[in-house]
Structure formats: C-alpha cells, structure tokens
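# Observations on chain architecture
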Amino acid sequence: MRAWEIQGSFGLDHLRLTDRPEPRPGPGQLTVRLTAASINYRDLLMVRGIYNPRQKLPLVPCSDGVGVVVELGPGVRRFAVGDRVSPIFSQSWLEGPPDRRAERTTLGGPLDGVMQEYLVVHEDSAVAVPEHLSDDEAACLPCAGVTAWRTVVTEGRVTAGDTVLTLGTGGVSLLAMQLARLQGARVIITSSSDDKLTRASELGAHHTINYRQVERWGKQAARIAGDRGVDLVVEVGGAGTLDESLRAVRVGGTVALIGVLAGARSDVALTRILMHSVRVQGIFVGNRADFEALNRALSLHTDVRPIVDRVFDFATLPKALRYLASGQHFGKVVVRAP
Ligand SMILES: NC(=O)c1ccc[n+]([C@@H]2O[C@H](COP(=O)([O-])OP(=O)(O)OC[C@H]3O[C@@H](n4cnc5c(N)ncnc54)[C@H](OP(=O)(O)O)[C@@H]3O)[C@@H](O)[C@H]2O)c1
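Not measured: the values here are computed from a predicted model.

### Comments concerning the side chain of Gln91
Along the chain, the position of Gln91 falls in the loop between strand S5 (84-87) and helix H2 (100-104). In this structure Gln91 comes out as buried when scored by relative accessible area, which is 13%. Gln91 has contacts with Thr105, Leu107, Leu111, Val121 and Ser125, leaving out every residue within four places of it along the chain.

In structure tokens form, the structure reads like this:
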C-alpha cells in the first residue's frame, strides 16, 4: 500500500511516498481503508521536527482521517465491514481526564498516522462518522473538531448568552466559533485579514476584529462584551496573544490555552490572572467521549459543518502542508486518500 513517511530526518523535503505491506487486524482490531485526511498545524510542526525533536523516524504523519472498515479481527463487536469510521486522536484516551499514556498514544506521532491507504486500530479507538457529513468534512473532526468541542463545551461550559472570543480563522477557531453559536453564545472572532473576517461574519460571527489593525483587540473584545469581559477565550496564539486575551476575559472567566502560534514562552501579567480569578485551562484535544458527544451534536444540527478550504490529492501532501504554512487558509485543508 502507499504511505507517506518522514524519512531520515525532519523537514518537508524529507517526506517520501513509499510502499508498505498491507496491515492485517489482530483480535479486537479493524482495518480501515482511509478515504480522506485533514491536516493540522501540529502535523506541520511534527514534519519540521519542532513538535517532538526526539520522535523516532520513519513516521507516517497526520492524525485526522476518515475511512471505511474493510476487515475485522476476531471478537470485534462495535463495528461491521462497510461502516464509516474515524480513528480517535489519542488511541488510548476514551474518557475522563488525560494522563501520560494519552499523550503517548497519539496518531501522526508517536504512532504512525493516517497518511496511508490502510490503518489498523483497536475497535475501541474509533468512532462512527455522522451520516450527513462528507468524507472531507468528517476528516476535520478527530483533532480540530474534538479540540473545539472540549474547549467550548466540556471545559468551557459555554451556555446561551455567553460571549466567546476566538482567535484567528484556522481549523480549531472556526469550529469553536460554530460550536459556541450552537450553544447560544455571542461570538467575537479575530483575524489578520478583512476578507476572512467577512467570511466569518457570513458564517455567523457576531463581531469581528482585525488583530493587525487593532493593537488592543482584547480590550476591544471586552468592550463589545459590555465591559464585563468575555466568558471564554479560545487562545491559539500563546505567548504573543495571552496578555490581550487576559484583557478580554471577564472576572472568573476562562482562557483556554490551545496553541502557541505566537510563541511558547511568556512574560504575562500574572496579577491579572489572580486578581480576576481567571481560569487558564490547558487543552489537549479530547477523548473518545468528547468525540462522540460532538458527533451527536452535529448529527442533530446538520447545518453545522466543518469549513473545508481546499482539497489536495494524496500525492501532493507536501504542497498541502506548504499551503497551511502560508496561512492563506480559512478553516481546514484536506488531503484525499489515493
Ligand atoms: N492543544 C490542542 O489540543 C490543540 C489541538 C489542535 C490545535 N492546536 C494548536 O492550535 C493552534 C491552531 O491550530 P489549527 O490547526 O487550528 O491551525 P491553523 O488551521 O493553521 O490556524 C492558524 C490560524 O491562526 C491564526 N493566527 C496565527 N497567528 C495568530 C496570532 N498571532 N494571533 C491570532 N491568530 C493567529 C491565523 O488566522 P488568520 O489567518 O485569520 O489571521 C491562522 O490562519 C496551533 O498552535 C496548534 O498546534 C492545539
């Protein structure tokens, strides 16, 4: 079967399309023929050797995929041949809080990921895909969708009337915006691009701020929220954005720390956190229970669909990753299986 591998050393130039033996399922396992995958910023960092410089190579990259069950190992009960499924991001994390094992069993590093024709997973480590979603749309859920769900619903506990601030128009942020709206919240979204902000408004964002033009975007967001401040910040920037996020959030509100696009080491004003009783909540994607809850919500609200920006052929994965790196995308970048 065909598979992409990071071979020898890290970097986009070290991605190789190779042939691997087709895997066969053992007891309790399924073979999934992958049909579509989506790429996350994490996949780019993994290929570049930034996410985990000690990652063993070769590695099949990328965590998020969807496919069809083509073979069952002995004793499988949860799925049948022909079912459409997605492998979960952390293969061992089914429910409850994460632990060290959850961090070590993630697809696309350290475990081989979805950029291959077939993937064998344990039946417990996959979920059924909502029927109304296309393969391209469903491929956006395992990391980006589940992260958005855990941020807004599981940890954020967003409820009708809340105000949510999402940073940027990448995969996680747009899904978080859509889910916050689903919960009945008002959404403020930021972007570096007025065009992207227009598209975000068309998708339902109530207020938009261009973070390149408005230096104190956090303060502006707090003002929009009626000076009370926002209830939840979907924080993907990290060091470069945290101070403004802390200006935006209300007393007793939550900053969900998801990404470090604008730096990983910070010199934040800690007094803001303690004086205002702010909850800074680290997010590590989510577990199978989060994924299943997300799928139940999407199956009921079929108008909420992941935003697929562009679709690339399997053979052009490096091009897809370079496109993501360019920051031109709005929502998700998808790669079709061979
Ligand atoms: N902790 C977790 O579980 C988890 C899960 C998924 C992702 N992540 C992390 O979350 C981050 C976003 O991931 P993603 O896959 O959604 O990435 P993505 O699709 O590549 O989105 C990146 C977007 O973020 C915006 N952005 C970049 N720098 C920014 C800044 N300084 N201030 C505000 N917005 C900025 C840009 O939006 P505009 O073009 O609109 O300006 C950019 O398009 C990454 O750091 C990723 O590693 C973490």
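Okay, back to it.
### Overview of the site of the ligand
The environment of the ligand is made up of 26 residues, and the closest members are Thr169, Ser191, Tyr211, Ile283 and Val285. In the environment of the ligand, an oxygen atom lies 2.6 Å from a nitrogen or oxygen atom belonging to the side chain of Ser191. In the environment of the ligand, a nitrogen atom lies 2.9 Å from a nitrogen or oxygen atom belonging to the backbone of Ile258. Bound to the protein, the ligand loses 88% of the 920 Å² it would expose on its own. When each cavity is represented as a set of grid points, the ligand is found to reside in the largest pocket. Split into classes, the residues belonging to the shell around the ligand amount to 13 nonpolar, twelve polar and one charged. Formed jointly, the shell around the ligand draws a minimum of three residues from each of two domains, domain 1 (2-140 + 306-336) and domain 2 (146-282).

### Regarding the packing of helix H4 (residues 141-155) against helix H5 (residues 171-182)
Following both chains from N to C, one finds H4 and H5 inclined at 50°, their axes separated by 8 Å at the closest point. In terms of their interaxial angle, H4 and H5 are classed as oblique. By crossing handedness, the relation of H4 to H5 is classed as right-handed. Contacts between H4 and H5 involve Ala144, Gly145, Thr147, Ala148, Trp149 and Val152 from the former and Gly171, Val172, Leu175, Ala176, Leu179 and Ala180 from the latter. For the contact of H4 with H5, the residue count by class is nine nonpolar, three polar and no charged.

### A closer look at the layout of surface pockets
Any empty space left between the atoms is revealed when a probe the size of a water molecule rolls over them. Taken as a whole, the largest pocket holds about 1,400 Å³ of empty space. Looking at the lining of the largest pocket, the elements that each hand over two or more residues are helix H1 (41-48), H4, H5, strand S9 (186-191) and helix H11 (317-326). At five residues, the largest contribution of residues to the lining of the largest pocket is made by H1. Considering only residue class, the lining of the largest pocket consists of 24 nonpolar, 18 polar and five charged. Counting contributing residues per domain, the lining of the largest pocket is built from domain 1 (2-140 + 306-336) and domain 2 (146-282), each supplying no fewer than three. The calculated volume of the second largest pocket comes to roughly 230 Å³. Lining the second largest pocket, in full, are Arg42, Met46, Tyr51, Asn52, Gln55, Arg100, Glu103, Arg104, Thr106, Gly109, Pro110 and Phe284. Listed by contribution, the elements that provide at least two residues to the lining of the second largest pocket are H1 and H2.

Quick notes on the rules
Residues numbered from 1 in each chain as written. Predicted model: local features only at pLDDT ≥ 70, side-chain atom pairs only at ≥ 80, totals over all residues. Heavy atoms only, no water. Helix = DSSP H or I, 4+ residues; strand = E, 2+ residues; numbered from the N terminus. Buried < 20%, exposed > 50% of the residue type's maximum accessible area, 1.4 Å probe, protein only. Contact = heavy atoms within 4.5 Å. Near = heavy atom within 4 Å. Polar contact = N/O pair within 3.5 Å; in protein donor to acceptor, adjacent residues only side chain to side chain. Areas by Shrake-Rupley, 256 points an atom, 1.4 Å probe, with all protein chains shown as cover. 1 Å grid on protein atoms, 1.4 Å probe; cavity = no way out; pocket = protein on both sides within 12 Å on 5 of 7 lines; lining within 4 Å. Sits in = over half its atoms within 2 Å of the grid points. Nonpolar A, V, L, I, M, F, W, Y, C, P; charged D, E, K, R; others polar. Domains from an automatic or database assignment. Axes fitted to C-alpha atoms, helices over the stretch in contact; angles between N-to-C directions. Parallel < 35°, antiparallel > 145°, perpendicular 65-115°, else oblique. Left-handed = near helix turned anticlockwise from the far one by under 90°. Points joined across faces, edges and corners; volume = space filled by probe spheres on them.

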